[in-house]
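# Understanding the architecture of this molecule
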Amino acid sequence: MATETPLLGFDIGSTAVRACLLTGDERRPELVVFDTLELQPGTVVNGVIRDADAIVDALRELVERNEVEGIPAAVAVPASTSYLRRETLAPRRGRYDLRAAHAAVEEEIPPAWGEVSISVTPLSELDEDDVLIVAAPRLAVEALRATFGVAGIPLLCVDSANCALYNAVAHAEGMESSAAVALVDIGAIETRVVLLDGYAMVGSMRLPTGGAELTALLRRELSLGYVEAETYKIGGSDGSSDGVVPRDVQDALERGCGELAGQVATGLRGLCAAARVKRLEGVYLTGRSAALSMLRSSMGAACGVRVRGIAPFGAAEVDSNEFARDFLQALEPSSAVAFGLALRRSGL
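Predicted model only: the values in this text are computed from it and were never measured.

A word on unusual backbone geometry. Backbone phi values are negative for most residues with the exception of glycine, while trans is the configuration of most peptide bonds. Positive phi, normally seen in glycine, also occurs at Arg 93, with a value near 55°. Within the secondary structure layout, Arg 93 lies in the loop between strand E7 (83–88) and helix H2 (98–105). On the accessibility criterion, Arg 93 (88% relative accessible area) is exposed. The phi dihedral of Ser 223 falls on the positive side, at around 55°, and the residue is not glycine. Positionally, Ser 223 belongs in the loop between helix H5 (211–222) and helix H6 (226–233).

Glancing now at the side chain of Glu 190. Considering the arrangement of structural elements, one finds Glu 190 in the loop between strand E11 (180–186) and strand E12 (191–197). A distance of 2.8 Å separates the side chain of Glu 190 from the side chain of Arg 192, its partner in a polar contact.

This part takes up the packing of aromatic side chains. Per the counting criterion, the structure on display carries three aromatic pairs. On the basis of an interplanar angle of 65° and a centroid distance of 5.6 Å, the ring pair of Phe 10 and Phe 148 is categorised as edge-to-face. Residue Phe 10 is located in strand E1 (residues 8–12), and its partner Phe 148 is located in helix H3 (residues 138–151); the two are separated by 138 residues in the primary sequence. The exposure class of Phe 10 is buried, given its relative accessible area of 0%.

Once that is clear, we can look at the sheet that holds strand E9 (residues 127–137). Judged by pairing direction, the sheet is antiparallel, and its three strands sit side by side in the order E7-E9-E8 without closing on themselves. Bordering the open sheet on either side are E7 and strand E8 (116–124), each of which pairs with just one other strand. Within this sheet the neighbouring strands show an average axis-to-axis angle of 25°, counted without direction. Looking at chain direction, E7 and E9 are connected through six bridges and run antiparallel. Across the sheet, residue Tyr 83 finds its bridge partner in E9, namely Ala 135. Most of the contacts of H2 go to E8, to which it runs at about 95°, and overall it touches E7, E8 and E9. The sheet strands contacting H3 are E8 and E9, and the helix crosses E9 at an angle near 85°.

The next point concerns the sheet that holds strand E6 (residues 73–77). A sheet is described by the order of its strands in space; here five strands give the open sequence E3-E2-E1-E6-E10, paired in mixed fashion. Pairing within the sheet leaves two strands with one partner each, and these edge strands are strand E3 (30–38) and strand E10 (155–160). Going from strand to strand, the sheet's axes swing by 20° on average, the running direction of each strand aside. Two strands pair when backbone bridges link them, and E1 and strand E2 (residues 16–23) are joined in this way by five bridges, in the antiparallel orientation. Bridged to Asp 11 within E2 is Arg 18. Each of E1, E2 and E3 is contacted by helix H1 (residues 52–65), which is oriented at about 145° to E3, the strand it contacts most.

Another point: the packing of H5 against H6. Orientation of H5 relative to H6, taken along the N-to-C sense of each, is 120°, at an axis distance of 9 Å. The interaxial crossing formed by H5 with H6 has right-handed handedness. Contacts between H5 and H6 involve Gly 211, Ala 212, Leu 214, Thr 215, Leu 218 and Arg 219 from the first element and Tyr 226, Ala 229, Glu 230, Tyr 232 and Lys 233 from the second.

The rules behind the values
Residues numbered from 1 in each chain as written. Predicted model: local features only at pLDDT ≥ 70, side-chain atom pairs only at ≥ 80, totals over all residues. Heavy atoms only, no water. Helix = DSSP H or I, 4+ residues; strand = E, 2+ residues; numbered from the N terminus. Buried < 20%, exposed > 50% of the residue type's maximum accessible area, 1.4 Å probe, protein only. Polar contact = N/O pair within 3.5 Å; in protein donor to acceptor, adjacent residues only side chain to side chain. Phe/Tyr/Trp six-rings, centres within 6.5 Å; stacked < 30°, edge-to-face > 60°. Pairing = 2+ DSSP bridges. Axes fitted to C-alpha atoms, helices over the stretch in contact; angles between N-to-C directions. Contact = heavy atoms within 4.5 Å. Left-handed = near helix turned anticlockwise from the far one by under 90°.

Nothing here speaks to function; it is all geometry.
Right under this line is the structure:
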């Protein structure tokens with residue numbers, strides 16, 4: 001359902017905290033805020049906040065320097081600590097039975113999660129019985145609420161990273177409603193894959209590998225420092241590394257991208273088989289490493305389908321006086337989760 005209150009979407013990743021605010025028309029909203037603050041290594045590991053004070057400081061700084069105090073926020077639990085399932089569940093007196101929703105997903109929830117938080121959202125305004133059930137560890141949800149509470153930011157929505165990613169892609173890419181596609185979010189140390197069939201989420205998985213593996217490969221094989229390796233990985237150049245030539249970088253990246261693409265392709269075949277998806281129409285990449293053209297090429301070859309990056313800002317009105325084109329292009333590969341969370345203001 002649409003709401004009149006914009007939400008400030010926060011994506012708390014392993015390498016940075018990103019903030020996005022959208023206002024205006026829900027079909028083509030206006031980008032008011034997009035900002036990012038880098039984190040020290042180890043602040044967030046596998047989606048778990050290890051240094052809550054650093055996250056509180058980052059949240060406060062992003063709010064203060066963008067002058068958005070008091071605007072309610074939306075944040076996502078990581079894909080690795082959330083479970084999604086499409087179900088038929090009729091509301092009673094305008095409310096969904098959370099106990100029935102819990103019973104529908106109980107067998108799929110890892111015992112290690114302990115108590116879980118359950119949310120139920122209709123997938124269509126035309127059929128309120130067709131719902132998406134999202135389950136997450138209660139401790140993870142409460143930890144996010146506590147962090148935002150300490151930061152003094154009102155938290156209105158705790159979503160799943162998979163849902164936020166889906167929101168961004170569905171809004172920005174104009175996918176055919178009957179198409180089966182995969183969303184691949186390449187994080188620093190893990191890769192999250194969501195399989196959609198006709199806009200319905202029919203499968204998801206997490207791979208314990210990501211962009212950091214490519215950086216480590218360059219450092220190991222070419223004796224580079226971290227900054228140099230990261231610069232080469234995302235397509236830059238650095239002449240300060242003696243003995244390193246572009247061909248060396250290209251060969252190393254080609255091997256690394258091929259390995260990552262092969263793992264994604266193998267996992268996707270398993271998801272498609274389990275969901276009885278006969279034809280995959282395409283793969284959409286997001287995450288910082290999605291800017292690497294060689295990775296997109298390797299993924300296309302391994303999956304046998306068209307692969308493209310996600311461009312959320314293309315579906316928004318952007319004031320060129322407020323946001324430099326180069327700035328947004330550099331951030332766009334890793335912007336989808338924050339953008340998708342900001343779309344929650346209009347119920348998308």
